[in-house]
Amino acid sequence: MATTVQESTPLNGYVGFDTITQQIEKKSLKRGFQFNIMVVGQTGLGKSTLVNTLFASHLIDSKGRHDVEEINRQTTNIESVSHVIEENGVKLRLNIVDTPGYGDQVNNEDCWEPIIKLKAIDVIVLKRLVEITNVIPVIAKSDSLTIEERAAFKQRINTELAFHGIQLYPYDDKEYYDEEEQILNTSVRELLPFAVVGSERQVVVDGKAVLGRKTKWGTVVVEDEEHCEFIHLRNFLTRTHLQDLIETTSLYHYESFRANQLLAIKESVSAAATPAPSSPVSSSSNSSNGPIPAKAFPPFA
Ligand SMILES: Nc1nc2c(ncn2[C@@H]2O[C@H](COP(=O)(O)OP(=O)(O)OP(=O)(O)O)[C@@H](O)[C@H]2O)c(=O)[nH]1
Ligand SMILES: [Mg+2]
């Protein structure tokens with residue numbers, strides 16, 4: 001039986017389904033939203049500080065010094081914390097995964113040196129991460145770079161990311177995003193990686209208390225776009241792309257993960273059902289590695 005769908009069928013009376021947006025809003029406000037964020041990178045980069053700066057609250061312990069006498073403490077375990085933050089009646093359930101700095105736990109004495117390229121471990125970690133989640137690169141502690149170094153570093157990172165085919169968020173998917181969203185995404189991609197500065201300390205500038213870092217030579221104001229790109233990162237994360245980050249994680253990454261898990265189960269079941277012809281013993285002893293999960297496919301391959 002053929003089904004014909006008319007473009008738009010006129011209504012003879014008020015039905016009331018236009019209230020669906022209010023219904024969604026009401027339910028969403030009641031439930032709140034969940035946002036998972038994980039910070040990954042070298043020890044002492046300022047990961048914990050950045051998360052606290054982003055959400056304007058003390059969510060995770062920065063392991064830096066509380067006073068100048070104290071030696072630097074480090075995040076040594078993967079720590080997951082949950083917080084509910086609220087703004088104008090909107091509840092955001094934040095799950096923060098704070099990871100210890102990788103690759104250099106034994107010796108981090110070079111962490112103050114300006115970084116000028118991605119390390120091999122960065123590339124390996126990034127390649128794995130983009131398969132399972134939305135990845136947004138940042139240059140932390142950008143106050144330690146000169147303007148020229150910052151520009152050169154950005155360019156270098158982008159060249160390396162392109163060379164390794166690492167697909168970052170926001171994606172360039174013409175089917176998923178409409179024209180307006182594509183323009184916005186392109187403008188965001190041009191800013192990547194965001195060169196940011198983090199601080200939980202308030203400093204007084206022109207009589208106003210602002211988040212910043214005061215040094216002998218001046219004050220870096222975190223939210224001043226003349227100083228760094230923190231404000232662009234925060235606007236992008238919270239004001240323009242929060243909903244899309246949540247949606248694409250579930251739509252692409254979680255679905256891809258689920259499909260791979262199902263595939264792995266299917267493969268292990270069929271492997272168990274077909275005994276190896278040369279082996280006289282039962283195949284239930286199986287290989288010690290268990291099922292090898294199929295490689296996750298990139299979200300917009
Ligand atoms: N100059 C400068 N220092 C920063 C910045 N962000 C954080 N710091 C300082 O760097 C030190 C380390 O910061 P953390 O946030 O603990 O760094 P982390 O990456 O979480 O460190 P681990 O957990 O040990 O991997 C602290 O003393 C911070 O105050 C920044 O943007 N600029
Ligand atoms: Mg930390």
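Before reading on, note that the structure itself is shown above.
Residues numbered from 1 in each chain as written. Chains lettered and ligands numbered in written order. Predicted model: local features only at pLDDT ≥ 70, side-chain atom pairs only at ≥ 80, totals over all residues.

(A) Just unusual backbone geometry, in detail. With an omega of 0°, the peptide bond between Y169 and P170 qualifies as cis. Looking along the chain, the bond that leaves L192 and enters P193 is cis, with omega of -15°. Looking at where P193 falls in the secondary structure, it is placed in the loop between helix 5 (179–191) and strand 5 (194–195). The phi dihedral of K141 is positive, around 50°, even though this residue is not glycine. Within the secondary structure layout, K141 lies in the loop between strand 4 (138–139) and helix 4 (147–163). For K141, a count of 22 C-beta atoms within 10 Å gives the class buried. Backbone geometry places D206, a non-glycine residue, at a positive phi of 50°. Relative to the helices and strands, D206 is located in the loop between strand 6 (202–205) and strand 7 (208–215). (Helix = DSSP H or I, 4+ residues; strand = E, 2+ residues; numbered from the N terminus. Buried ≥ 20, exposed ≤ 12 C-beta atoms within 10 Å, placed from the backbone.)

(B) Examining the sheet that holds strand 8 (residues 218–221) more closely. As summarised here, the arrangement of the three strands in space is 6-7-8, forming an open sheet in which the pairing is antiparallel. One side of each edge strand has no neighbouring strand; the edge strands of this open sheet are strand 6 and strand 8. Taking the axes of each pair of neighbouring strands and ignoring which way they run, one obtains an average angle of 65° across the sheet. Examined bridge by bridge, strand 7 and strand 8 share four bridges and lie antiparallel to one another. Looking across to strand 8, one finds that G212 is bridged to V221. (Pairing = 2+ DSSP bridges. Axes fitted to C-alpha atoms, helices over the stretch in contact; angles between N-to-C directions.)

(C) Expanded view of the sheet that holds strand 3 (residues 90–98). Strand order in the open sheet formed by three strands is 1-3-2, with mixed pairing between adjacent strands. Whereas interior strands pair on both sides, the edge strands pair on one side only; in this sheet they are strand 1 (33–39) and strand 2 (79–87). Sheet twist, expressed as the mean angle between neighbouring strand axes with direction ignored, is 20°. Relative to strand 3, strand 1 runs parallel, the two being bridged by seven bridges. Its bridge partner lying in strand 3, N36 is registered against N95.

(D) Seen up close, the nonpolar core. With 28 residues, the main nonpolar core has V51 and V196 as its most contacted residues. At the level of elements, helix 2 (47–54), strand 4, helix 4, strand 5 and helix 6 (230–240) are the ones that each hand at least two residues to this core. Once residues lying within four places of it in the same chain are set aside, the contact partners of V196 are L50, V138, I139, A140, S142, C228, E229, F230 and L233. (Core = buried A, V, L, I, M, F, W, Y, C linked by C-beta atoms within 7 Å. Contact = placed C-beta atoms within 7 Å.)

(E) Looking closely at the pairing of strand 2. As defined by bridge partners, strand 2 adjoins strand 3 across nine bridges and the pair is classed as antiparallel. Paired with H83 across the strands is L94, a residue of strand 3. Counted along the chain from strand 2 to the antiparallel partner strand 3, the turn is two residues long, and its residue N88 has a positive phi close to 45°.

(F) Summary view of the environment of G165. Relative to the helices and strands, G165 is located in the loop between helix 4 and helix 5. In this structure G165 comes out as exposed when scored by C-beta crowding, with 9 C-beta atoms within 10 Å. In the structure, G165 is positioned 38 residues away from K127 in sequence and 8.6 Å away in space, judged by C-alpha atoms.

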